[in-house]
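# Observations on the three-dimensional arrangement
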Amino acid sequence: MQKLLSLVLVLGMVAAINVGCSSKGKDGEERELLKQYTVVDAEYAALPGWIAEPQAWAEREDSDDYKTYRYFVSTSEMAASKRLCQKSSEAQAAAKIAGEITQFIKNSYAQSLQGAQDEEVTSYMEDTLAQEIQSFLVGVVQHRTYWEERKYTKELGASENKGGFVCSALLKVKKETIEKSIERAMKKLFSSVTTNPDSKTKAVEALKDVEKKF
């Protein structure tokens, strides 16, 4: 009887492994984690904490600059070599920061007007705002880097067998610089809204002090 019970337990464990890895999410929900790749090499044995929580990591580990800087993470697409993936994460640094700022501004605008948004303002945010903010950003510092080599296999569920490098960079930029960048971008946005004066007034009010709220 004991042997039979042991066999049932072992078979149950094997079945669970084959289905996937179930774990508790942030809010306690169950989810399936199906990895399509294995990490065959990495810069560090443990995944750096700043990749998932850059602000919390900086508060602990970069306390001298934490109050005056804002932190972001830029992760590259998979590249054929370590050098190329590092170049890629560097190249998209400013675009990554500008994208996050733009998304915050868009959300602030939408929440303030509760759906009654002007098409001209929304279009400018979608097509131009990130580029404007990126052009005003200066002094972005690459504070930390991390690379890992991945191997994707069909056996694990990937669409094809392939391998390469993925790189992440921890970026920091002065909060003062971000505020000035947003201020300049907002001025260009408001000057571009010309077809409807009422829309401009609403946009100005909706985005009042947005640079300080970010």
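Above this text sits the structure in question.
First, a word on scope: everything that follows refers to the structure included in this document. (Residues numbered from 1 in each chain as written. Predicted model: local features only at pLDDT ≥ 70, side-chain atom pairs only at ≥ 80, totals over all residues. Heavy atoms only, no water.)

### Some points on the packing of aromatic side chains
Quick note on the threshold: Working definition: rings of Phe, Tyr and Trp (its six-membered ring) pair if their centres are within 6.5 Å, and the pair is stacked with planes under 30 degrees apart, edge-to-face with planes over 60 apart, and tilted otherwise. Strands are runs of DSSP state E lasting at least two residues, helices are runs of H or I lasting at least four, and both sets are numbered from the N terminus onward. A 1.4 Å probe rolled over the protein chains alone gives each residue an accessible area, and that area as a share of the maximum for its type sets the label: buried under 20%, exposed over 50%, partly exposed in between. Charge-over-ring placement is defined geometrically: NZ (Lys) or CZ (Arg) within 6 Å of the ring centre, and within 35 degrees of the ring normal.
For the structure on display, the rule yields five aromatic pairs. The interplanar angle of 15 degrees and the centroid separation of 6.5 Å between the aromatic rings of phenylalanine 72 and phenylalanine 214 together place this pair among those described as stacked. With phenylalanine 72 in strand β4 (residues 69-75) and phenylalanine 214 in the segment after α9 (210-213), the pair connects residues that are 142 residues apart, well separated along the chain. Note on phenylalanine 72: relative accessible area 1%, which makes it buried. Following the ring pairs from residue to residue traces out a cluster consisting of Phe72, Phe104 and Phe214. Lying over the aromatic face of tryptophan 147, lysine 82 brings its terminal NZ or CZ to 4.0 Å of the ring centre.

### A look at the pattern of salt bridges
We apply this condition: Think of a salt bridge as a Lys or Arg side-chain nitrogen and an Asp or Glu carboxyl oxygen that are within 4 Å of each other.
Applying the stated criterion across every chain, the model contains nine salt bridges. The closest approach of N and O atoms between aspartate 198 and lysine 202, which form a salt bridge, is 3.5 Å. Taken together, the residues span about one helical turn, with aspartate 198 and lysine 202 both in helix α8 (residues 197-206) at a distance of four residues. Looking at aspartate 198, the relative accessible area reads 42%, which means it is partly exposed.

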